[in-house]
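Remarks on the overall topology
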Amino acid sequence: MRNGLYSAGITITGSGSATPSGRLSNEDLTQMVETSDEWITTRTGIKQRCVAAPGESLVDIGTQASQSALEMANVHPEQLDLVILATSTPDDLFGSAVSIQTALGAKKAVAFDLTAACSGFLFGLVNAAQFIRTGMYQKILLVGADLLSRWVDWSDRSTCILFGDGAGAVVIEATDPQRDALLGFELCSDGQLSHTLTLSHQGDSRTLLDSVQVSQGNYQPIHMKGKEVYRFAVEKVPEVISKALFHAELTSQQVDWLLLHQANQRIMDAVAQRLNLPQESVISNLASYGNTSAASIPLALDEAMRASQLNAGEIIAISGFGAGLTWGAAIVQWQIV
Ligand code: ACO
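Where nonpolar side chains cluster on the molecular surface, the patch consists of Leu208, Leu209, Val212 and Val214 and spans about 310 Å² of accessible area. Contributions of two or more residues to the nonpolar patch are made by strand 10 (201-209) and strand 11 (212-219). Tracing the backbone shows Val214 in strand 11. You can call Val214 partly exposed: its relative accessible area is 32%.

Quick look at the structure:
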């Protein structure tokens, strides 16, 4: 019934990921702030994160991840119709998707940035599916990339231990509507909670003319009310996954893999528990990368994929959540063998 509504379905045909060269372990952080490997490991599950050196850009790692995804999908950049870059940390505030498009040589494609913080990849996936389902586009590259190290307050121990840099990408192609991999989704946002996680602009007033003033300044480092975000995630993520499962006409018992935004191992374990899913169904690479925002889901998906962890036909419940606040879930039936 549902598939009869669309002229095409989506299938994910390739994935790729890339991280910058710098590594920062928990031990390294103890030299910068008052913390310990034991505290970070037990509270978050993170052991190390990757950080970009001054010469490394978001476009560099986004392009690298994209090239791997295109290679796996056997898609030439000139075949792409659309490039979506989910990021909150573009190299250029006017957008960095176009620079990835140019670096790849995706001459026929249109490219744009999408900002939804740690939900960016999930929102991008649903966005891409709409272009394909209407029959407008056939081949889309979706990149999730963030360099949060640029915006972390490295003297704030409550946030600097959490974040890392990375990029992940998937190629999404049109397929027969009966084979649509996106079985159901649900997207949510609530600006009333935006103060719990911010990377906001702060300016000083500058007078241009007696009657005209503008604000000029810069973005302030990430500020987070950790406990509130934690409570929000543990409550809302199982709820939104359940709604997406309902749209997919499935139950949590039919889920093979839980692929959540990699923010905190305790959040992932609590969500699995609330959905009555075994811990083994949780895909996690948080220990190696920390919270890489829009990159975390495609990075974990790519690693699971290349480790042959996923089998064709399996059901993956994907959920992103983060600043905005934004959150959402997509139920995907895996198709790559
Ligand atoms: N090392 C040692 N002690 C610390 C550290 C640290 N790095 N950070 C905080 N503490 C201390 C605090 O000062 C506090 O001490 P006190 O009891 O003397 O006041 C104590 O540890 C407990 O601090 P809490 O903040 O209550 O610790 P909590 O158990 O809540 O864990 C954490 C903090 C890990 C940040 C958790 O709240 C969390 O994961 N929140 C969710 C974050 C998240 O999921 N973000 C996702 C979205 S990200 C995005 O969209 C960009």
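So much for the structure itself; the text now carries on.
Moving on, we come to the site of the ligand. As a matter of local geometry, the ligand sits amid 24 residues, with Thr35, Arg43, Cys118, Lys227 and Asn264 nearest to it. At 2.8 Å, a side-chain N or O of Lys227 approaches an oxygen atom of the ligand. Between Arg266 and the ligand, the recorded distance is 3.4 Å, taken from a side-chain N or O atom to an oxygen atom. Coverage of the ligand by the protein amounts to 75% of the 1,000 Å² it exposes when considered alone. Looking at the shell around the ligand, the elements with two or more residues in it are helix 2 (37-44), helix 6 (157-160), helix 7 (226-247) and helix 8 (265-274).

All right, on to the sheet that holds strand 13 (residues 257-260) then. Strand order in the open sheet formed by four strands is 8-15-14-13, with mixed pairing between adjacent strands. Every other strand in the sheet has two partners, leaving strand 8 (182-189) and strand 13 as the edge strands with one partner each. When the angles between neighbouring strand axes are averaged without regard to direction, this sheet yields 10 degrees. Two elements, strand 8 and strand 15 (residues 326-333), share seven bridges in a ladder whose sense is antiparallel. Note on strand 15: the bridge partner recorded for Gly184 is Ile331. Across the sheet, helix 7 touches strand 8, strand 13, strand 14 (315-322) and strand 15, and the angle it forms with strand 15 is around 40 degrees.

Okay, the side chain of Asn264 next. Mapping Asn264 onto the fold places it in the loop between strand 13 and helix 8. By relative accessible area, which is 8% here, Asn264 ends up buried.

Between the first and last C-alpha of helix 3 (residues 58-73) there are 22 Å, a value that for 16 residues agrees with the 22 Å anticipated at 1.5 Å per step. Taken together, the buried residues of helix 3 touch strand 1 (9-18), strand 4 (82-86), helix 4 (97-104), strand 6 (139-147) and strand 7 (165-175). Structurally, the start of helix 3 carries an N-cap: the backbone nitrogen of Val59 is 3.4 Å from a side-chain oxygen of Ser57.

Procedures and definitions
- Residues numbered from 1 in each chain as written.
- Predicted model: local features only at pLDDT ≥ 70, side-chain atom pairs only at ≥ 80, totals over all residues.
- Heavy atoms only, no water.
- Patch = residues over 30% accessible without salt bridge, like charges linked within 9 Å, V, L, I, M, F, W, Y side chains within 5 Å.
- Areas by Shrake-Rupley, 256 points an atom, 1.4 Å probe, with all protein chains shown as cover.
- Salt bridge = Lys/Arg side-chain N within 4 Å of Asp/Glu carboxyl O.
- Helix = DSSP H or I, 4+ residues; strand = E, 2+ residues; numbered from the N terminus.
- Buried < 20%, exposed > 50% of the residue type's maximum accessible area, 1.4 Å probe, protein only.
- Near = heavy atom within 4 Å.
- Polar contact = N/O pair within 3.5 Å; in protein donor to acceptor, adjacent residues only side chain to side chain.
- Pairing = 2+ DSSP bridges.
- Axes fitted to C-alpha atoms, helices over the stretch in contact; angles between N-to-C directions.
- Contact = heavy atoms within 4.5 Å.
- Expected span 1.5 Å × (residues − 1).

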